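The lines below spell out each chain.
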Amino acid sequence: MSDSVPGDDAVPGGPRVPAAPSRRGVLRTTAGAAGAGLGLAALGGAPAAAAAPRPAGGTAAGPAEPAPPPRQGATMAGVPFERRSTVRVGIVGLGNRGDSMIDLFLAVPGTRVTAVCDPVREKAARAAAKVVAAGQPAPAVYTHGDGAYARLCERGDVDLVYVATPWELHFEMARTALLNGKHVGVECPVAMTLDELWALVDLSERTRRHCMQLENCCYGRNETRVLRMAHAGKFGELLHAAGAYHHDLRELLFSPTYYEGPWRRLWHTRLRGDLYPNHGFGPVANYLDVNRGDRVVGISSFGTPALGLAEYRAAHMPPDHPSRKESYVGSDRTVSMLRTAKGRVIRLEHDVSTPHPYSRVNSLGGTRGVFEDYPARVYVEPDHKDHQWGDFSVYAEEFDHWLWREHADPPGGHGGMDYLMVYRLTQVMRLGLVPDFDVYDAATWTAPVPLSHASIRAQGAPMAFPDFTRGEWRRPRPGVDSERPAEA
């Protein structure tokens, strides 16, 4: 049983979840399904005929698009949260990410952390102490058993479950939260297979609860400024965009303390494609109004040989290190080309295995000009001429997002984008507004994980990209570029 503080009550009259699978069971199941010998059909799974990655048909228009599975509930596009005076948060996973994010939830007005969960007692105790130090009541603490997170999800004093655990656990934890009537925000990626993505879409629609990919880069200052410039027409008709996750993680992937075990490194033994597309894809999807007037219809991916991690291991790990038994199949660099219904092109890249400076690429181009990041620079007509880059900072006064105007120096990591993400999420929950992104965005931004793997295994063959919105993408609607609420 859990070692929670008194008051551990289930959701009154709410949906109940069957006995949760064990942490080891989830790990075994996911690892087996995502093994190095995985076939294309297995990536999608059997339950939904439209879930399996499909190569292109034979037409110049692109991949043949399978029909989506039947909708199991009304769309969640444009559905507001129920209004509440306080957002009560349960946090699952208190490692590097969860431990830092709890500080931000505690810093946002109108937010209370009511429960925390982690199998490592010391981490849970440290998180609970932070809550008390912030002047809030002691949270319920869950550390006992692999299904402790399910007991947190059953509580009646949790409105939002925040999941910051290893990737292979994300789907089952999000599923459990939804089945218990909770909204859920999940760190990247939201799931690892197309079958899981469709399941979350269906569950969100059936339970009428939001399932969100908490993509902090969507709230970066550069990203939100470019978004507003794009919507104001500064780049003209939009044509192309690019995003990436270029981050030299070799030292951290082999660190005995940074990650809880080798889980992240082991994904490089299982999948060949883009393991972490969300940081690059989320912002550029917003620029192009993906799921809000346009959508991705196909993806084709290519990967280099997987040499970087083995080379680093040979130079830095002792001969008896457990990693010596690992065979890395994940491409050192993947490049994916995505095509949208309007004919636009998106380039996504992933590289965490070779030496290079950090970059998310983050570029956008149209008929009137282009923006490129790292470093930030812009060229738009008629402001610039002679083929010389212009100063991006001069557009701050006119185009900075209202969140950045009101929080010029936000607390927290990653330049403040983490805080603004938490602030905005809890704001829309308190005020009963529509979230800036929803389960369709979560599924879309994560789909390149299985689809890029399938495409690389098929020698770069284009794969049909599912329409998780089931046609709702044709309806323009606000997203991160939403108006500031009158009642903040």
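Residues numbered from 1 in each chain as written. Predicted model: local features only at pLDDT ≥ 70, side-chain atom pairs only at ≥ 80, totals over all residues. Heavy atoms only, no water.

Looking up the protein chain in an unreviewed UniProt entry gives the name Glycosyl hydrolase family 109 protein, with the organism given as Streptomyces changanensis. The record held by UniProt for the protein chain lists under Sequence similarities (unreviewed entry) the comment "Belongs to the Gfo/Idh/MocA family. Glycosyl hydrolase 109 subfamily." (UniProt positions renumbered as here; feature names shortened; annotations may be inferred.)

Colleague: How should the overall build of the protein chain be read in this particular structure?
Modeller: Scanning the protein chain from N- to C-terminus turns up 17 helices and 14 strands. At a minimum sequence separation of 6, the contacts of the protein chain that also span at least 24 residues come to 77%. Entry remark: accessible area of the protein chain is about 18,600 Å², with carbon and sulfur atoms responsible for 54%. (Helix = DSSP H or I, 4+ residues; strand = E, 2+ residues; numbered from the N terminus. Contact = heavy atoms within 4.5 Å. Areas by Shrake-Rupley, 256 points an atom, 1.4 Å probe, with all protein chains shown as cover.)

Colleague: Looking at this structure, how should I read the packing of aromatic side chains?
Modeller: The geometry of an aromatic ring pair comes down to the distance between the two centres and the angle between the two planes. Counted by the stated rule, this structure contains 16 aromatic pairs. Measuring from ring centre to ring centre gives 6.2 Å for tyrosine 358 and tyrosine 374, while their planes differ by 65 degrees; the resulting arrangement is edge-to-face. Taken as a pair, tyrosine 358 in the loop between β10 (345–351) and β11 (363–366) and tyrosine 374 in the loop between β12 (369–372) and β13 (377–380) lie far apart in primary sequence, 16 residues in all. Assessed through its relative accessible area of 30%, tyrosine 374 is described here as partly exposed. Judged by centre distance (6.4 Å) and plane angle (40 degrees), the rings of tyrosine 395 and phenylalanine 399 are tilted. Note on accessibility: tyrosine 395 and phenylalanine 399 belong to one class, buried. Taken together, the ring pairs in this structure connect Trp167, Tyr245, Tyr258, Tyr259, Trp263, Trp267, Tyr276, Tyr358 and Tyr374 into an aromatic cluster. For arginine 225, the ring lying beneath its charged end belongs to phenylalanine 392, and the centroid distance is 4.6 Å. (Phe/Tyr/Trp six-rings, centres within 6.5 Å; stacked < 30°, edge-to-face > 60°. Buried < 20%, exposed > 50% of the residue type's maximum accessible area, 1.4 Å probe, protein only. Lys NZ or Arg CZ within 6 Å of the ring centre and 35° of its normal.)

Colleague: So what exactly am I meant to see when it comes to the nonpolar core here?
Modeller: One recurring pattern in soluble globular proteins: nonpolar side chains tend to sit buried together. One finds Phe235, Phe281 and Phe468 to be the most contacted residues of the largest nonpolar core, which totals 111 residues. Once you skip the residues sitting within four places of it in the chain, phenylalanine 235 turns out to touch Val226, Met229, Ala230, Leu364, Gly366, Thr367, Arg368, Gly369, Val370, Phe371, Val378 and Val380. Ranked by size, the runner-up nonpolar core spans 19 residues in total, among them Met192, Tyr245, Trp267 and Met317. (Core = buried A, V, L, I, M, F, W, Y, C linked by side-chain atoms within 4.5 Å.)

Colleague: Is there a simple way to think about helix α12 (residues 308–316) in this case?
Modeller: One full turn of an α-helix is made of 3.6 residues, so residues set three or four places apart face in the same direction. What α12 keeps buried is the set Gly308, Leu309, Tyr312 and Arg313. Axial view of α12: buried residues confined to an arc of 130 degrees, hence all on one face. Counted as exposed and oriented over 90 degrees from the buried face of α12: Glu311, Ala314 and Ala315. In this structure, the buried side of α12 is in contact with α9 (250–253). (Arc of directions from axis to C-beta.)

Colleague: Quick question: what am I supposed to make of the sheet that holds strand β8 (residues 296–303) here?
Modeller: The strands making up a sheet associate through backbone hydrogen bonding, with each pair oriented either parallel or antiparallel. Taken together, the eight strands give an open sheet; going across it, the order is β13-β12-β11-β7-β10-β9-β8-β14, and neighbouring strands pair in mixed fashion. The outermost strands of the open sheet, each flanked by one partner alone, are β13 and β14 (463–464). In terms of strand pairing, strand β9 (residues 334–340) meets β10 through six bridges, oriented antiparallel. Looking at the pairing, valine 335 lines up with glutamate 349 of β10. Contacts between helix α11 (residues 278–287) and the sheet are confined to β7 (238–246), β8, β9, β10 and β11, with β7 contributing the most and set at about 160 degrees to the helix. (Pairing = 2+ DSSP bridges. Axes fitted to C-alpha atoms, helices over the stretch in contact; angles between N-to-C directions.)

Colleague: So what exactly am I meant to see when it comes to the environment of phenylalanine 81 here?
Modeller: Structurally, phenylalanine 81 is set in the loop between α2 (40–44) and β1 (87–92). Exposure remark for phenylalanine 81: the relative accessible area of 4% places this residue in the buried category. For the pair formed by phenylalanine 81 and proline 435, sequence separation is 354 residues and the distance between their alpha carbons is 7.5 Å.

Colleague: Just checking my understanding: could you explain the sheet that holds strand β6 (residues 211–213) for this structure?
Modeller: Pairing is parallel across the open sheet formed by six strands, whose spatial order is β3-β2-β1-β4-β5-β6. Looking along the sheet, the strands with just one partner apiece sit at the ends: β3 (140–142) and β6. For this sheet, the mean inter-axis angle between neighbouring strands, taken without regard to orientation, is 25 degrees. Judged from the six bridges that link them, β1 and strand β2 (residues 111–117) form a sheet pairing that is parallel. Across the sheet, valine 87 pairs through a bridge with threonine 111, a residue of β2.

Colleague: Please explain the pattern of salt bridges as it appears in this structure.
Modeller: Note on pairing: side chains with opposite charge can pair once their charged atoms come close. Applying the stated criterion across every chain, the model contains 32 salt bridges. Between glutamate 82 and arginine 84 there is a salt bridge, with its nearest N and O atoms 2.7 Å apart. For glutamate 82, a relative accessible area of 34% translates into the label partly exposed. According to the relative accessible area criterion, arginine 84 is buried, its value standing at 14%. Arginine 84 serves as the salt-bridge partner of aspartate 159, at 3.0 Å between the closest nitrogen and oxygen. On the criterion of sequence distance, the pair formed by aspartate 159 in the loop between α5 (148–153) and β4 (160–163) and arginine 84 in the loop between α2 and β1 is long-range, its members being 75 residues apart. For aspartate 159, a relative accessible area of 8% corresponds to the buried category. Sharing partners across several salt bridges, the network here consists of Arg71, Asp202, Glu205 and Arg470. (Salt bridge = Lys/Arg side-chain N within 4 Å of Asp/Glu carboxyl O.)

Colleague: I would appreciate a short explanation of the side chain of glutamate 349 in the present structure.
Modeller: The topology assignment puts glutamate 349 in strand β10. For glutamate 349, a relative accessible area of 11% gives the class buried. Apart from the residues within four sequence positions on either side, glutamate 349 is in contact with Gly243, Ala244, Tyr245, His246, Asp274, Arg333, Thr334 and Val335.

Colleague: So what exactly am I meant to see when it comes to unusual backbone geometry here?
Modeller: Across the chain, the bulk of peptide bonds are trans and the bulk of non-glycine residues have phi less than zero. Note the cis peptide between cysteine 188 and proline 189, where omega equals -15 degrees. Relative to the assigned elements, proline 189 resides in the loop between β5 (183–186) and α7 (194–207). Following tyrosine 374, the chain continues to proline 375 via a peptide bond in cis, the omega torsion being 0 degrees. Turning to its location among the elements, proline 375 is positioned in the loop between β12 and β13.

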